[in-house]
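Descriptive structure summary
Listed below are the residues making up each chain.
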Amino acid sequence: MSTDPILFFDLKTPSKRLRADIERRLNAILDHGQYIGGPEVTELEQKLAAFTGARHALAVASGTDALVIALMGEEIGPGDAVFLPAFTYNATANAVLMTGATPVFVDVDRQTCNIDPIQLEAAIERVVAEGRLKPRLVIAVDLYGLPADYATIGPVARKHGMLVLSDAAQALGGGQGNKRIGALCEMTATSFYPSKTLGAYGDGGAMFTDDDARLDRWASIRWHGTDAAKKESIRVGLNGRLDSMQCAVVLSKMTIFEAELEDRAGHAARYRARLGGKVMMQEGRSEDRHAFGLFTIMVDERDRVMAALKEQGIPSAVYYAKSLHRHAAFAAYAPAEPLANCDWLADHALSLPFHPYLTDAQIDGVCDALLRAL
Ligand SMILES: *Cc1c(COP(=O)(O)O)cnc(C)c1O
């Protein structure tokens, strides 16, 4: 029996698998010397577009930059309302506030952990009735890798003249029906932070759209707001580039990404078979393809369960212990209405060890330990 410790994430095994390929790609960059804007950047963008089915992909410096550039590309700013779930990573709200727009926090669904379309519509109607802010954009987060309900959110947003931006930082590789994340709404932002489903060896991110003009605006903003010749400043921009070396690493990771996604799906199915009927788990709908960036359950007495797991040598983690409207930086934007499901998930959500390199025996070990701990 294996005595390998159970890891929450495993960032080393893929590096071992890909070491020779990554070294070859990095050496090629040392030879050509184009550390910024090398051929790896366009190669990665083409492969990402082909992978997702989006017409265009743009590599950027981080998932946060992807969100900020998407908002800047629509000229979102002061006086604008951007709707987002309160149960997400702080980057989603930071991106909104960095543009000067106002975040409007919306409650989520307990089962999907994603923005609740009914609560979204109610929040939009309140903002319209108040007449102080202009509804401009909805950011739907694909939490833990599960796509938000785009088929319902899209029409709600359009009815009020808004676009939808997917914060798919945790969800690259997921999909809905026969479409993949990147092609589910007008704009998508993702992250290559090392522990995300497709991780770089440092920071990175990407953006997706089908719209040619939008891509041009994003590419300009990414490069200090310059024109296509990179001479004239035509808008406010920033340095949002992804360097050639990180692109090379992500290109290498893409050679095993489909296989890793299959392994993630298989591991999730094993967890679900062992825990079904015994533990509440994040649940999508039949058309959803969960990317399983994280495998998350909901338990009572979470701290006690975590401690009991830890005692049995099993790591677990909480994403997120507080909803954003409960954080000091965002408390000023807490809505008058309670965000009951966000608060409930903040008390109950627990993510179990999850990565493509778990063994069946390890998954069974986590499940046995969890069921003992409940
Ligand atoms: C990781 C993450 C981000 C930010 O991505 P970075 O690459 O770390 O900037 C944004 N939103 C969500 C939901 C995330 O999980």
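Residues numbered from 1 in each chain as written. Predicted model: local features only at pLDDT ≥ 70, side-chain atom pairs only at ≥ 80, totals over all residues. Heavy atoms only, no water.

**Quick word on the side chain of R264**
Rule in force here: What counts as a helix is a DSSP run of H or I of at least four residues, what counts as a strand is a run of E of at least two, and both are numbered from the N terminus. Burial here depends on accessible area, computed with a 1.4 Å probe over protein chains only, as a share of the maximum for the residue type. Under 20% is buried, over 50% is exposed, and the range in between is partly exposed. Under the convention used here, Asp and Glu are negative, Lys and Arg are positive, and both His and the chain ends fall outside the count. What counts as a salt bridge is simple: a side-chain nitrogen of Lys or Arg found within 4 Å of a carboxyl oxygen of Asp or Glu. Note on definitions: a residue-residue contact is assigned when non-hydrogen atoms from the two residues lie within 4.5 Å.
Its place among the elements puts R264 in helix 8 (residues 244–275). Here R264 is buried and forms no salt bridge, its nearest opposite-charge partner E260 lying at an N-O distance of 5.2 Å. Setting aside anything within four residues of it in sequence, one finds R264 in contact with K196, T197, A291, F292, G293, F354, H355 and P356.

**What to know about the site of the ligand**
What counts here: Put simply, a residue is near a molecule or strand once any heavy atom of it comes within 4 Å of that molecule or strand. A 3.5 Å cut-off defines polar contacts: any pair of N or O atoms within that distance qualifies, except that in protein one atom must be a possible hydrogen donor and the other a possible acceptor, and neighbouring residues in sequence count only when both atoms are side-chain atoms. The Shrake-Rupley method, run with a 1.4 Å probe, gives the accessible areas here. Residue values count only the displayed protein chains as cover.
Of all residues adjacent to the ligand, which total 14 residues, the nearest are G63, T64, D167, S191 and K196. Between T64 and the ligand, the recorded distance is 2.5 Å, taken from a side-chain N or O atom to an oxygen atom. Between K196 and the ligand, the recorded distance is 2.7 Å, taken from a side-chain N or O atom to an oxygen atom. Its free accessible area being 390 Å², the ligand has 92% of it covered by the protein chains.

**Focus: the sheet that holds strand 12 (residues 295–298)**
Which entries qualify depends on this criterion: When DSSP locates at least two bridges between a pair of strands, those strands are taken to pair. Structural elements are reduced to axes, namely lines fitted to C-alpha atoms, with helices fitted over the stretch in contact, and the angle between N-to-C directions of any two is expressed from 0 to 180 degrees.
The three strands lie next to each other as 10-12-13, forming an open sheet whose pairing is antiparallel. The two strands at the open ends of the sheet, each matched to only one other strand, are strand 10 (280–281) and strand 13 (349–352). Bridge count for strand 10 against strand 12 is two bridges, and the pairing is antiparallel. The residue bridging M281 from the neighbouring strand is I297, located in strand 12. Sitting on the sheet, helix 8 is in contact with strand 10, strand 12 and strand 13, with an inclination near 20° to strand 12.

**Re the environment of T52**
Note that T52 resides in helix 2 (residues 39–52). Assessed through its relative accessible area of 4%, T52 is described here as buried. Taking the C-alpha atoms as reference, T52 lies 7.7 Å from G173; in sequence the two are 121 residues apart. Here T52 is in contact with L172, R180, I181, G182, A183 and F208, once residues within four sequence places are set aside.

**Concerning unusual backbone geometry**
Cis peptide bonds are those with omega within 30 degrees of zero, and the linkage from Y319 to Y320 qualifies with 10°. Phi at Y144 is positive, roughly 65°, even though this residue is not glycine.

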